[in-house]
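# Chains, contacts and geometry: an overview
So you can see what is in the structure, the chains are spelled out below.
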Amino acid sequence: MPRLVMKFGGTSVANVDRIRNVARHVAREVAAGYDVAVVVSAMSGKTNELVGWVKDADALYDEAEYDAVVASGEQVTSGLLAVALRKDGIQARSWQGWQIPIETSDAHGSARIAAIDPARLDESFRRREVAVISGFQGIHRETGRITTLGRGGSDTSAVAVAAAIGAERCDIYTDVDGVYTTDPRVVPKAKRMERVTFEEMLEMASLGAKVLQVRSVELAMVHRVPTTVRSSFDPPDAARPGTLICDEDDIVEQQIITGIAFAKDEAQVTLRSVKDSPGVAAAIFGPLADANINVDMIIQTVSGDQSTTDMTFTVPAADYERTRTILAGQRETIGYGQIEGATDVVKVSAIGVGMRSHAGVAAKAFRALAQKGINIRAITTSEIKFSVLIDAAYTELAVRTLHSLYGLDQA
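Residues numbered from 1 in each chain as written. Predicted model: local features only at pLDDT ≥ 70, side-chain atom pairs only at ≥ 80, totals over all residues. Heavy atoms only, no water.

### Some thoughts on the overall build of the protein chain
Selection criterion: Where helices and strands are cited, they refer to DSSP runs of H or I of at least four residues and of E of at least two residues respectively, numbered from the N terminus. To get the radius of gyration, use the C-alpha atoms; to get the globule rule, take the number of residues to the power 0.38 and multiply by 2.2 Å. Exposure classes here rest on a 1.4 Å probe applied to the protein chains alone. A residue is buried below 20% of its type maximum, exposed above 50%, and partly exposed in between. When checking whether two residues touch, look at their non-hydrogen atoms; a contact exists if any pair is within 4.5 Å. Per-residue and other accessible areas follow the Shrake-Rupley method at a 1.4 Å probe size, with only the shown protein chains counted as cover for residues. Here Asp and Glu are counted as negative and Lys and Arg as positive; His is not counted, and neither are the chain ends. One atom stands in for each charge, and that atom is NZ of Lys, CZ of Arg, CG of Asp or CD of Glu.
Along the protein chain, the regular secondary structure elements total 13 helices and 18 strands. Here the C-alpha atoms of the protein chain give a radius of gyration of 23 Å, agreeing with the 22 Å that 2.2 N^0.38 yields for 411 residues. Residues classed as buried in the protein chain amount to 52% of the 411 residues present. In the protein chain, the share of contacts with a sequence separation of at least 24, taken over all contacts with a separation of at least 6, comes to 74%. Carbon and sulfur atoms form 48% of the exposed surface of the protein chain, whose accessible area is close to 18500 Å². Each charge class in the protein chain can be summarised by its mean position, and for the 44 positive and 53 negative side chains these summaries are 5 Å apart.

### Re unusual backbone geometry
Going from Ile100 to Pro101, the amide bond is cis rather than trans, its omega being -5 degrees. Mapping Pro101 onto the fold places it in the loop between strand 3 (92-95) and strand 4 (102-104). The phi angle at Arg224 is positive, at roughly 55 degrees, despite the residue not being glycine. Mapping Arg224 onto the fold places it in the loop between helix 8 (214-223) and strand 11 (227-231). For Ser273, which is not a glycine, the phi torsion comes out positive at approximately 55 degrees. Along the chain, the position of Ser273 falls in strand 13 (residues 259-275).

### Things to note about the nonpolar core
Nonpolar side chains tend toward joint burial in soluble globular proteins. What counts is decided by this rule: Side-chain atoms within 4.5 Å link the members of a nonpolar core, which is a set of buried Ala, Val, Leu, Ile, Met, Phe, Trp, Tyr and Cys residues.
Ranked by size, the top nonpolar core spans 39 residues in total, and within it Val5, Leu121, Ile133, Val161 and Met201 carry the most contacts. For this core, the elements supplying multiple residues, two or more each, are strand 2 (35-40), helix 5 (119-126), strand 6 (130-134), helix 6 (153-165), strand 9 (169-174), helix 7 (198-206) and helix 8. In this view, Leu121 contacts Trp95, Ile100, Ala131, Ile133, Val161 and Ile165; residues no more than four positions away in its chain are not counted.

### Here we look at the sheet that holds strand 2
Counted only if it meets this: Paired strands are those between which DSSP finds at least two bridges. Axis geometry follows a simple rule: fit a line to the C-alpha atoms, using only the stretch in contact for helices, then measure angles between N-to-C directions, giving values from 0 to 180 degrees.
Spatially, 8 strands are ordered 3-6-2-1-9-11-12-10 in an open sheet, and the strand pairing comes out mixed. At either margin of the open sheet sits one strand with a lone partner, and together these are strand 3 and strand 10 (195-197). Along the sheet, successive strands turn relative to each other by an average axial angle of 20 degrees, direction set aside. Alignment of strand 10 against strand 12 (residues 243-246), held across 3 bridges, turns out to be parallel. Bridging from a neighbouring strand, Val196 pairs with Ile245 of strand 12. Against the sheet, helix 4 (residues 72-87) engages strand 2, strand 3 and strand 6, with an angle of about 160 degrees to strand 6.

### Here we look at the sheet that holds strand 14 (residues 298-302)
Spatial strand order, 14-15-13-16-18-17: 6 strands in an open sheet with antiparallel pairing. The strands lining the two open edges of the sheet, one partner per strand, are strand 14 and strand 17 (378-382). Averaged over all pairs of adjacent strands, the angle between their axes in this sheet comes to 25 degrees, without regard to strand direction. With respect to the sheet, helix 7 is in contact with strand 13, strand 16 (338-351), strand 17 and strand 18 (385-391), its orientation differing from that of strand 16 by roughly 145 degrees. Contacts between helix 12 (residues 361-371) and the sheet are confined to strand 17 and strand 18, with strand 18 contributing the most and set at about 20 degrees to the helix.

### Remarks on the pairing of strand 13
Counting buried positions over the 17 residues of strand 13 gives 12, a clear majority of the element. In the sheet, strand 13 pairs with strand 15 (residues 308-316) via 8 bridges, with the strands oriented antiparallel. Among the inter-strand pairings, Lys275 is bridged to a residue of strand 15, identified as Thr308.

### Considerations on the pattern of salt bridges
For clarity, the threshold we go by: We define a salt bridge as a side-chain nitrogen of Lys or Arg found within 4 Å of a carboxyl oxygen belonging to Asp or Glu.
Tallying each qualifying case throughout the model produces 27 salt bridges. Between Glu248 and Arg356 there is a salt bridge, and its shortest N-O distance comes to 2.7 Å. A residue pair is termed long-range when its members are at least 10 positions apart, and Glu248 in the loop between strand 12 and strand 13 and Arg356 in the loop between strand 16 and helix 12 qualify at 108 residues. A residue is classified by how much of its surface remains accessible, and Arg356, at 37% relative accessible area, is partly exposed. Look at the salt bridges and you will find they share partners, linking Arg28, Glu29, Glu168, Arg169, Asp171 and Arg230 into a network.

### Regarding the environment of Gly360
For Gly360, the location among the structural elements is in the loop between strand 16 and helix 12. With a relative accessible area of 45%, Gly360 lands in the partly exposed category. Along the primary structure Gly360 and Ala289 are separated by 71 residues, whereas in three dimensions their C-alpha atoms are 34 Å apart.

### Digging into helix 8
Taken together, the buried positions of helix 8 are Arg215, Ser216, Val217, Ala220 and Met221. Buried residues along helix 8 sit against helix 6, helix 7 and strand 11. Arg224 occupies a position one or two residues after helix 8 and carries a positive phi of about 55 degrees.

Structure below.
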């Protein structure tokens, strides 16, 4: 029988009534003839509560024990959903990550999946059972300790399970009915996309769209797992198709620009009067890399006499103060004149595989933003996207301008 993985997030399983609703969605797919594996998150708000308890117990907590505590939220949900399914006459059992097992690295709090042995799930399917799996967690084989995958890790669990069992599709159920051309709260005319490529979704997820976790999209792309974003709040007997994330070849007609994303958690750092000599860039960005600070946009402006340069780059806003502290400690090595920064900035990005075969796409945006009086602080581009850094006050204007410019209002 064909296999299907269904994943339900925290808002979808926030209470017992919603868990009963999830059971009805699962029953629909069982009736359609699928062997179903369901991956669940903790109830909405429970992970934050568990994290708070750990920090209250000890601000300098042991990371392995932290994982043991926070992984329990998904265990509760998986057990409750199995109970609800059995009440509806559907054979089901709950599985914790270590029972399958889902093997991971030993990086507690941010582990990466190393392998999944599907043998026990295969046996469960032969018994005609729905496998209800606790997402977000796994086990490190050598230590035997429970690990967690980081926030949004249940998405990653679901795609990894789908790849391991050879599922026909992985359906991610959330509180929205698909992937939109941009945030509908900013642009009311934003449209739900029927299909989007893996590459586009990966860019959108990494550039501010919060629908899917980046690592889950990476896994789906590597293993070519068709993934659908759907709403758990649709009636189970009238669920809409959502948005399919798939190969570029599966999309008949592709727009130049597919979507507009924006990220408000950016900060800009500028080093003035840096000596323009070999090794300076390494002196700046090496210590930041050692501190696991992700640097995005980088702009270098050399002075007229080519003796000094100004270096501007962006980092996550949460790492802004740490970045300044690290660079201050490296001032003599780097040899810069002064350091400047800003946190009231936002990165706005346009994404689309159609950019590969069309020239002047970004230039068109730059003209449109200039006509609106929006100053661009920095620019970065890749094969299928470009991003601009602007003052945060112009976020909505910029997003609406680009959304209309590329015809997404009529998409």
